Amino acid sequence: MDRTAHRDAPGEMTHAGNEETGGLRVTLYRAAWVLPVASAPIRDGAVLVGADGRIAAVAPRPAIEPPEGARVVELGEAALMPGLVNVHAHPELAHYKGALEDLRFRDWILRLVGSKRAALHDADYDAAARWTLVESLRAGVTTLGATEMSAAALHALRDAGMRGIVYREVFGPDPAQADASMADLRAAVDGLRAHATDLVHVGVSPHAPYTVSDALFAAAAQYAVAEGLPVAVHAAESAAERGLVERGEGDFAPGLRARGIATPVRGTSTVEMLDRLGVLRARPLLIHCVTVTPDDVRRIAGSGSAVAHCPVANARLGHGVAPYAELAQAGVCVGLGTDSVGSNNRLDLLEEARIASILHRARLASPDALPAAELLRLCTLDGARALGLDARIGTLEPGKDADLCAVSLAAPHARPVHDPAAAVFHAAQGTDVVLAAVRGRVLMEGGRVLTLDAEALGARVEDAAGRLRAVLA
Ligand SMILES: [Zn+2]
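Residues numbered from 1 in each chain as written. Predicted model: local features only at pLDDT ≥ 70, side-chain atom pairs only at ≥ 80, totals over all residues. Heavy atoms only, no water.

Caption draft 1: Structural context of the overall build of the protein chain. Looking only at helices and strands, the protein chain has 15 helices and 17 strands in total. For 473 residues, the compact-globule estimate of 2.2 N^0.38 gives 23 Å, and the protein chain sits close to it at 21 Å. Principal axes of the C-alpha set define a box for the protein chain whose edges measure 70 × 45 × 45 Å. Counting over 473 residues, the protein chain shows a buried share of 59%. Carbon and sulfur atoms form 52% of the exposed surface of the protein chain, whose accessible area is close to 17300 Å². (Helix = DSSP H or I, 4+ residues; strand = E, 2+ residues; numbered from the N terminus. Rg over C-alpha atoms; globule rule 2.2 N^0.38 Å. Buried < 20%, exposed > 50% of the residue type's maximum accessible area, 1.4 Å probe, protein only. Areas by Shrake-Rupley, 256 points an atom, 1.4 Å probe, with all protein chains shown as cover.)

Structure (structure tokens):
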């Protein structure tokens, strides 16, 4: 199903906020391998990028002569491919890497929320979001789906020159709070939208069933549909969530009841509940979907909703493995996400993909689940489709925006190369990424992020992490 209809029209390029493309030079990239995704890998390939930041040609090296005055970039023993798309992260939580280890899900969330309140301020979220982007760009991620309570990610993405959707989170488990939460959401979205560009979009995220009432889910979905805003929801993640939705019990129920919030049975499953409340009409990005049933998979597919598959975070928090194969087979558009570093610790999409493949082979006792070519598509075109951005990015094809990533295959751990996709996803790692560009603009080169001050940000993040440690101790 086409998920782009309510987003950008293909080829649309507004000029407001498009200062990023100013001053680009025509550039010819050459690499030992070009992986266009839309077609077979090209040995000794080349990609020509125009001054408008769009891809002008993709072909074997001898077929493209550098135009007069063009910059020629020789990438050598590397695979040049579309920039990676991380469909789900929480940039403002960068301080939590390694801070919340080995906890039950409810305790993990309570510790996170409590320590945020006690130790962190707006400036910390700003530093965290930028730090997340430094880490992402160094790993070849050029597009990010970010769920956030602050405006930090939107400004960080803009300043970094990256592409993304910032889904403003809304919370409120008490139905009596719904109107106030919606007023807050509308005001926040109005504020964010004023800063949106044609690279950075604004959406909404009613957080999850254990933090959002039925009334708030319904109101947020109605608002999103009316305003044409993309939606993301954490859904069907854990046994604790299932207990709350399906039985009004489980780990989350006593805490809610202690706050005077009733815990009725809300559906036969989270997905059924979201369907009943009109949330699926907004064709949301459903984050996780670990505990979905065959009926849920049919509902997700039928509604044209997408799924953010976060295999490492799901495994590390002990939730399980989402049924990727069943979702994909049903025609659901699935992208790959890292989730926050509080649950994953890394933002390395190459590693995420490799672990996804290994988990699904173990789960299905199958040696051919998620082969390398599919991992390549999952991290690029499928992610772009899940975010509704595939008219612009996700493949290397003439006319598309030149969002690029190059992975060096020169290190001993990556050689020899028999199949370039297998080398990228099963031998190389995020630290092998040597280039990241968005719409033709190089944002990271040789490990150095050109648009953010990594050293200064590192100091700010360490400072906040120190305060956090004191609170968490
Ligand atoms: Zn998340």
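Caption draft 2: Region of the structure containing the sheet that holds strand 9 (residues 200–206). Strands sit in the order 6-7-8-9 across an open sheet of four strands; the sheet is parallel. Edge positions in the sheet fall to strand 6 (84–89) and strand 9, since each of these pairs with one other strand and no more. Within this sheet the neighbouring strands show an average axis-to-axis angle of 15 degrees, counted without direction. (Pairing = 2+ DSSP bridges. Axes fitted to C-alpha atoms, helices over the stretch in contact; angles between N-to-C directions.)

Caption draft 3: The arrangement of the sheet that holds strand 13 (residues 333–336) in detail. In spatial order, the strands read 10-11-12-13; together these four strands make up an open sheet with parallel pairing. Edge positions in the open sheet fall to strand 10 (232–235) and strand 13, since each of these has one partner strand only. Going across the sheet, the axis of each strand differs from the next one's by a mean of 30 degrees, ignoring polarity. Where strand 12 (residues 306–309) and strand 13 come together, four bridges link them in parallel fashion. Counted as the bridge partner of His309 is Leu336 from strand 13.

Caption draft 4: Quick look at the domain arrangement of the protein chain. Split by domain assignment, the protein chain resolves into domain 1 (19–81 + 403–446) and domain 2 (84–386). Taking the mean C-alpha position of each, domain 1 and domain 2 sit 30 Å from one another. The partner domain 2 presents 27 residues to the 24 residues of domain 1 that form the contact. Surface buried jointly by domain 1 and domain 2 totals about 2100 Å² across both partners, of which 66% is contributed by carbon and sulfur atoms. Broken down residue by residue, the surface that domain 1 buries against domain 2 is led by Val37, Phe425 and His426, which jointly contribute 31%. Across the domain 1-domain 2 interface, the total number found is two salt bridges. Where domain 1 packs against domain 2, one counts four residue pairs in polar contact (both at pLDDT 80 or more). Of all the secondary-structure elements, those providing two or more residues to the side of domain 1 that touches domain 2 are strand 14 (404–408), helix 14 (420–427), strand 15 (433–438) and strand 16 (441–445). (Domains from an automatic or database assignment. Contact = heavy atoms within 4.5 Å. Buried area = accessible area lost by both parts, 1.4 Å probe. Salt bridge = Lys/Arg side-chain N within 4 Å of Asp/Glu carboxyl O. Polar contact = N/O pair within 3.5 Å; in protein donor to acceptor, adjacent residues only side chain to side chain.)

Caption draft 5: The arrangement of helix 13 (residues 372–386) in detail. End to end, helix 13 covers 19 Å across 15 residues, agreeing with the expected 21 Å (1.5 Å per residue, within 8%). If you look at helix 13, its biggest bend is around 45 degrees, right at Leu378. The set of residues buried in helix 13 consists of Ala372, Leu375, Leu376, Leu378, Cys379, Thr380, Leu381, Asp382, Gly383, Ala384 and Ala386. At the C-terminal side of helix 13, Gly388 shows a positive phi close to 75 degrees. (Expected span 1.5 Å × (residues − 1). Bend = angle between axes of the 7 residues up to and from the residue.)

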